[in-house]
Amino acid sequence: MSADVLSDDFKSRLHLTTKTTGQERIRRARENNEDVAILSMFLPNATAERENKKFCCTLRDKCLLGDARKTIAGTKKMEYKTRQWHEKCFCCVVCKNPIGTKSFIPREQEIYCAGCYEDKFATRCVKCNKIITQGGVTYKNEPWHRECFTCTHCDTSLAGQRFTSRDDKPYCAECFGELFAKRCTSCAKPITGIGGTRFISFEDRHWHNDCFICAQCKTSLVGKGFITDGQDIICPECAKQKLIDDTILPLVAKARDWCAFRDQGGPGSTISDKRARP
């Protein structure tokens, strides 16, 4: 299982206000609809009169100066993406503080200072609830700081590592094996299944593939027939030999012992009991 890396969304949306100087530079920024804020000044001379008449604060009836078209010579104005504000009106929609030359973030038709945008929209880590300003990770569609995404049991970092889960909680492979995994009947080590590990199950017992071998000749029994002998598993060839060793050979030995005993005069002996004649 893996976790996705979050992009640095907050940083990519952060805008630095640009104080544009010179009428030619301002003209180019307006014509090209550049993604910059333009700080300029209402001019008193006749050449600026027509421009001043075109001005209308974006806040309109909510203009902080009380008049959306107020153009007092020498005061400053802000322009961004074809919209205009009095400098005092170019403020954060949440805290109402003027942006001035500070950083800001536009969202739809609203302007936010960096702090208010973080509080309202920035991604927060589900573990510590703090804002993720740089790349984090997502797990189960939830965001985490990389340093907060740790094993539920041992707190080892899981960012960039293989891991598994139980009850929607992440665990490193070692802890998951120790806490929850089946254990191999042969080696007693956990069978985690992480990384494609295969295993064999029979009745209530389990083996790693490599541990599923004949107790006698040690050959692999994966994909082959086998016979159980108590807690052991053995291949058919060893089972036949064991049957011979455990049943037939003892019977043969007993038969040989009986014959030897009989030949020595035991019950059933054919030796006649002759007495010497006077």
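Scroll up to find the structure this text is about.
Reading guide: rules and limits
- Here the residue numbers are simple positions, counted from 1 along each chain's written sequence.
- Local features in a predicted model are, by the rule used here, given only for residues with pLDDT of at least 70; side-chain atom pairs are given and counted only at 80 or more, and totals for whole chains, interfaces and linings are based on all residues.
- Heavy atoms throughout the structure, all of them, feed into the side-chain values; hydrogens and water do not.
- Numbering of helices and strands runs from the N terminus; a helix is a DSSP stretch of H or I covering at least four residues, while a strand is a stretch of E covering at least two.
- Using a 1.4 Å probe on the protein chains alone, a residue whose accessible area is under 20% of its type maximum counts as buried, one over 50% counts as exposed, and one in between counts as partly exposed.
- We call two residues in contact whenever any of their non-hydrogen atoms come within 4.5 Å of each other.
- Accessible surface is estimated by sampling points in the Shrake-Rupley manner with a 1.4 Å probe; for residues, cover comes only from the protein chains shown.
- What counts as a ring pair is set by centres within 6.5 Å for rings of Phe, Tyr and Trp (its six-membered ring), and what kind of pair is set by the plane angle: stacked under 30 degrees, edge-to-face over 60, tilted for all other angles.
- In our convention, an over-ring charge means Lys NZ or Arg CZ found within 6 Å of a ring centre and within 35 degrees of that ring's normal.
- Within 3.5 Å is the distance limit for a polar contact, defined as a pair of N or O atoms, with the added protein rule that one can donate a hydrogen and the other accept it, and that residues adjacent in sequence qualify only through two side-chain atoms.
- A carboxyl oxygen of Asp or Glu within 4 Å of a side-chain nitrogen of Lys or Arg is what we treat as a salt bridge.
- Only strands that DSSP links by at least two bridges are regarded as paired with each other.
- The convention used is that axes are lines fitted to C-alpha atoms, helices contributing only their stretch in contact, and that angles between N-to-C directions extend from 0 to 180 degrees.
- Just so you know, the count uses Lys and Arg for positive and Asp and Glu for negative, and it drops His and the chain ends.

Quick rundown of the overall build of the protein? Include the residues and the values.
Looking only at helices and strands, the protein has six helices and 17 strands in total. Looking at the 278 residues of the protein, the share that counts as buried comes to 30%. Taking contacts inside the protein between residues at least 6 apart in sequence as the whole, the part at least 24 apart equals 36%. Here the protein has roughly 18,500 Å² of accessible surface; of this, 49% comes from carbon and sulfur atoms.

Could you give an account of the packing of aromatic side chains, naming the residues involved and the relevant values?
According to the stated counting rule, one finds 14 aromatic pairs in the structure shown. An angle of 80 degrees between the planes, with centres 5.5 Å apart, marks the rings of Phe90 and Phe104 as edge-to-face. With Phe90 in the loop between strand S5 (83–86) and strand S6 (103–107) and Phe104 in strand S6, this pair connects stretches of sequence that are 14 residues apart. The same class applies to Phe90 as to Phe104, namely buried. With centroids separated by 5.3 Å and ring planes inclined at 85 degrees, the aromatic side chains of Phe202 and Phe226 adopt a geometry described as edge-to-face. In this pair, Phe202 is assigned in strand S14 (residues 199–202) and Phe226 in the loop between strand S15 (205–208) and strand S16 (227–229), connecting sequence segments 24 residues apart. Since its relative accessible area comes to 26%, Phe226 is described here as partly exposed. Every member of this aromatic cluster is reached through a ring pair, and the members are Tyr80, Trp85, Phe90 and Phe104. Its guanidinium or amino end placed over the ring of Phe121, Arg107 lies 3.9 Å from that ring's centre, counting from NZ or CZ.

Now, about the environment of Ser165: what can you tell me, with residues and values included?
On the secondary structure map, Ser165 appears in strand S10 (residues 164–166). In this structure the C-alpha to C-alpha distance between Ser165 and Phe176, which are 11 residues apart in sequence, comes to 7.8 Å. Within the local environment of Ser165, its side chain forms a polar contact with the side chain of Tyr139, the two groups lying 3.3 Å apart.

Provide a residue-level description of the pattern of salt bridges, including the pertinent values.
Summed over all chains, the structure comprises three salt bridges. A salt bridge links Arg124 to Asp119, with the nearest nitrogen and oxygen atoms 3.7 Å apart. Look at Asp119 and you get exposed, because its relative accessible area is 55%. Note that Asp229 is salt-bridged to Lys242, the shortest N-O span being 3.5 Å. Separated by 13 residues along the polypeptide, Asp229 in strand S16 and Lys242 in helix H6 (residues 236–263) bring together distant segments of the chain.

Before we move on, can you summarise the sheet that holds S5 with the specific residues and values?
With respect to topology, three strands assemble into an open sheet ordered S3-S4-S5, the strand pairing being antiparallel. Bordering the open sheet on either side are strand S3 (37–41) and S5, each of which pairs with just one other strand. With direction set aside, neighbouring strand axes in the sheet form an average angle of 25 degrees. In the sheet, strand S4 (residues 76–80) pairs with S5 via four bridges, with the strands oriented antiparallel. What sits directly across from Met78, in S5, is Trp85.

Which residues make up unusual backbone geometry, and what values do they have?
Although it is not a glycine, Thr82 adopts a positive phi angle of roughly 70 degrees. As for its position among the elements, Thr82 is in the loop between S4 and S5. Since its relative accessible area comes to 69%, Thr82 is described here as exposed.

Please set out the side chain of Lys77 residue by residue, giving values where relevant.
Position of Lys77 relative to the elements: it lies in strand S4. Here Lys77 occupies a buried position and makes no salt bridge, while the nearest side chain of opposite charge, Glu79, is found at 4.4 Å. Excluding its chain neighbours within four sequence positions, the residues that come into contact with Lys77 are Arg30, Ile38, Leu39, Ser40, Met41, Phe42, Asn52, Phe55, Gln84, Trp85, His86 and Glu87.

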